[in-house]
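One-letter residues, chain by chain:
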Amino acid sequence: MKLKQRICSSALAFFTFFHLFGNAQTLDEKFEPGRGFIGVEKVYLQFDKPYYAIGDTIYFKAYITFGAENKLSALSGILHAELVSQDNKVFKALNLMITAGTAHGDFTLSDGLKKGNYYVRAYTNWMRNEGNNALFERMISIGDGGLKSTFEDGNLLKIKNKVSTQMNTKIDVQFFPEGGQLVTGNYSKMAFKILGQDGLGKKAEGVVTDENGVEVLKFHTGHAGMGSFNLVPKKGKTYKAIINFSDGSTKTIALPKANDQGYTFSLNNNDADTIRIRIAGGCNSPVQELKLIAQACGKIYYAVENISDNKYFSIAIPKSKFPSGIIEFTLQSPTGEPLIERLAFIEHPVSLKLNLNAQKQKYAIREKVKFTLDAKNNNKPSVGSYSVAVIDEDKVTTDTLNESTIMTSLLLTADLKGYIEQPGYYFSHQTEETRTDLDNLLLTQGYRYFTWKQIADTTVPKYQPEKAINISGTVKRGNKPIAGAEVKLFSNAGGMFMLDTITDMKGRFEFAGLIFPDSTKFVIQSKVKKAQDNVTLQLDTPALVYMPIMPVPEEIKSSNEANLAVYVLKARQFYGEQKKYGINQRPQMLNEIKIEARKETSVIPHSQNLNGAGAADHILTSKDIERFICGRLSDCLQGVFGLHFVNGSPTGGALIIDGTFVDLDTFATLQADDIEGIEILRPGSHYAAIYGSRMANGGIIVTTKRAKKQNQYYRYAPGVITYMPKGFYKAREFYSPQYDNPHTNQKMADLRSTIYWNPNIITDKDGKASFSYFNADGKGTYRVVIEGIDADGNLGRQVLRYKVE
């Protein structure tokens, strides 16, 4: 008994009794395609600038990677990108085609969008298996860039003062034992995090005392309100922390209670080449063969087991076995149950060097700038995909510590839960202090990726990778599915094409692997041998995906507002100059036009209104719409009969185009000259009853001129429907004026804030690429940021500045 007590109290006596874990290969097999969890995708978006104004276009390049090695993914073919409000309303949703692991797109910030903080999120269908934390999400502040902007020069100082003087009284303090628990008599590291009411870290210092008030140690916060201290809890003792804050207030927090049973996990990551791990069991912990697993993004990189009967053991692991980024170490019981976990950040030297060279350091306004790119991986030419953004820093201020980069995102924040304060701090200047602060972040922030229960689960994941767009549905007669029915899919968009298939025993059909642009209209026809008049064809429509917004501290939002105020003033000047020359005009409805409601049943002869043509609360004909000066249909209808549109989409009610319910994005693409007529059903109207619950909030029924033409060829009979699914979005090309072209307007002031954006820079076999553009009229410092990934998954980034005089 005395020997047992002596061993339990010896927290520094460790022995190595590990050998390679023989079952590692068995676990690895579970990651093969078709056998459950097969790996993790991540998404990173580079934007042309950090914030925008209404009237701007958000340009972005997406990098979709697979696994911890960050190789460009070949798993998914569709990236979903959304612009979302703070109340989680999706204003715009895009399907982007993933090519060689990359995609690019844009969001136009049209009139009707209110200023405020929005979110851009991006994800693949496969990422949904990991839950909402898996997706890429970034807050984007949008100001009112119109000529009636509420930002004035005098308000800027008030905003900055508001940010700097705002105080928070509610403080949250949390303690996190390394590995998850304290064990009596075992050496442990205790991490802590102190957050203010604004969600940001706060400075503090304090002492730890025992239950008798005897001081045990002192501690203080490091970066972002985090820190750690070492503690050996004694049997029968309890501990508390007395914390002193900068405003003079104090708070007392009880530390987690130590247990006699369990294990502690001590990880030393200070050595450049080796990670050292010590495992210690408590006095009452059973002697058992424990397993240590090291994994990242669904792949096991190292696995060993303890074959001795000692509760104390240690191991040294070469860092060369791991990729750069976060590695999760898990101690398992003999049955595979996770006992304790610990995260570590592996930092290998950056092998990919992006040598971006300009001809000189100073340029004139409107002068042509030429850049050459020389990409090398370990001093060898590297083929890769890159994107470059050039901004005028006098118009756009960048917060480099809070800036999201390809490094901070794919190596750090993509793997952690919640908001990470100043992620750039950990990468800007690597020192012993920043490495310690990063380790404290991992001890407190928590890990996002899958649990060991998912490893053991061999069921097919709920969400499968999307390679292309599928159109599927069911053919029924009454409520009974029809097997063997012939189904045809055809469209005349871009040239006539047709596909056909046969329904299975459940009446199901599918047209898989389709690639088509947005606003493509299909006709789907089902044909059976008997009783065709009773046939119905039901399509599978994508379910609404609800993903909660990740909270962002209010202080960050306020800080963005201060920077945005400066930018908006410049944006107003930019759009004012464009208006002077008739460029980028915003469509407006003529005030003197007055539309009267009509009820003639013949005004829209090709309408597929189930009540009958013209049977609606309000009607607009093509002649009515022609009296408006506008482009998009939503611009024409703004305010008519109480209709309200945001970013091209109505704020409520159902949408029907040519007899088919459609989503907001499809409606937003409609142009005024496409329309034969519009029928409006108000909420609660008796006209809406025939449509059931989908029309409970009213709706808009649109008949297009295309439908009129198609009715000359197709008879809309039982088993025949039209369908406009969401296709692939074609990204806009960034406009950069060419001042060596005689047709370019030389008189208009060039007040651009984004000087250049190019999402498609590909280095050749020699690692070379080049690009060029013309400066704007803004004098000062221009910032050039290039980011990307090479064919081997190496991440690259370079920031360069030059002067314009």
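In this text the structure is predicted, and so the values were computed from the model without any measurement.

The rules behind these values
Residues numbered from 1 in each chain as written. Predicted model: local features only at pLDDT ≥ 70, side-chain atom pairs only at ≥ 80, totals over all residues. Heavy atoms only, no water. Helix = DSSP H or I, 4+ residues; strand = E, 2+ residues; numbered from the N terminus. Buried < 20%, exposed > 50% of the residue type's maximum accessible area, 1.4 Å probe, protein only. Contact = heavy atoms within 4.5 Å. Areas by Shrake-Rupley, 256 points an atom, 1.4 Å probe, with all protein chains shown as cover. Polar contact = N/O pair within 3.5 Å; in protein donor to acceptor, adjacent residues only side chain to side chain. Core = buried A, V, L, I, M, F, W, Y, C linked by side-chain atoms within 4.5 Å. Salt bridge = Lys/Arg side-chain N within 4 Å of Asp/Glu carboxyl O. Pairing = 2+ DSSP bridges. Axes fitted to C-alpha atoms, helices over the stretch in contact; angles between N-to-C directions.

> Describe the overall build of the chain, naming the residues involved and giving the relevant values.
In terms of regular secondary structure, the chain is built from 12 helices and 48 strands. Across the 805 residues that make up the chain, the buried fraction comes to 54%. A fraction of 71% describes how many contacts in the chain between residues 6 or more apart in sequence connect residues 24 or more apart. With the model as given, the accessible surface of the chain reaches about 37,100 Å², and the carbon-plus-sulfur share is 51%.

> Go over the environment of E69 with me, naming the residues and quoting the values.
The residue E69 is located in the loop between strand 4 (57-66) and strand 5 (71-72) in this model. Put simply, E69 and A296 are 227 residues apart on the chain and 9.3 Å apart in space, counted from C-alpha to C-alpha. Not counting the four nearest positions on each side in its chain, E69 is found in contact with K299, Y301, D792 and G793. Reaching out from E69, the side chain makes a polar contact with the side chain of K299 at a distance of 3.3 Å.

> Pulling in residues and values, what's your account of the nonpolar core?
Within the largest apolar cluster, 54 residues are counted, with the highest numbers of intra-cluster contacts made by L45, F47 and L412. Counting residues per element, this core draws most heavily on strand 4, at five residues.

> So, the side chain of D439: which residues are in play, and what are the values?
By secondary structure assignment, the location of D439 is in helix 6 (residues 432-445). Accessibility expressed as a relative area gives 13% for D439, which makes it buried. Side chain to side chain, D439 and R342 meet in a polar contact 3.0 Å long. Excluding its chain neighbours within four sequence positions, the residues that come into contact with D439 are K189, R342 and L343.

> Before we move on, can you summarise the side chain of N117 with the specific residues and values?
Mapping N117 onto the fold places it in strand 9 (residues 116-123). For N117, a relative accessible area of 13% gives the class buried. At a separation of 2.7 Å, a polar atom in the side chain of N117 contacts the side chain of S141.

> How would you sum up the pattern of salt bridges? Please name residues and give values.
All chains considered together, the criterion is met by 29 salt bridges. We note a salt bridge from K237 to D210, for which the minimum N-O separation is 3.5 Å. Of this pair, K237 sits in the loop between strand 15 (226-231) and strand 16 (239-245) while D210 sits in strand 13 (residues 204-210); the two residues are 27 residues apart in sequence, bridging distant segments of the chain. Judged by relative accessible area, which is 7%, D210 ranks as buried. Ionic pairing is found between D777 and R366, a salt bridge with its closest N-O pair at 2.7 Å. On the criterion of sequence distance, the pair formed by D777 in the loop between strand 46 (768-774) and strand 47 (780-790) and R366 in the loop between strand 26 (362-363) and strand 27 (368-377) is long-range, its members being 411 residues apart.

> Account for the sheet that holds strand 22 (residues 312-318), naming residues and giving values.
Within the open sheet, the three strands sit side by side as 18-19-22. Their pairing is antiparallel. Lying at the two open borders of the sheet, with one neighbouring strand each, are strand 18 (263-268) and strand 22. Along the sheet, successive strands turn relative to each other by an average axial angle of 15 degrees, direction set aside. Note that strand 18 and strand 19 (residues 274-281) share six bridges and pair antiparallel. From the neighbouring strand, T264 faces strand 19, where its bridge partner is A280.

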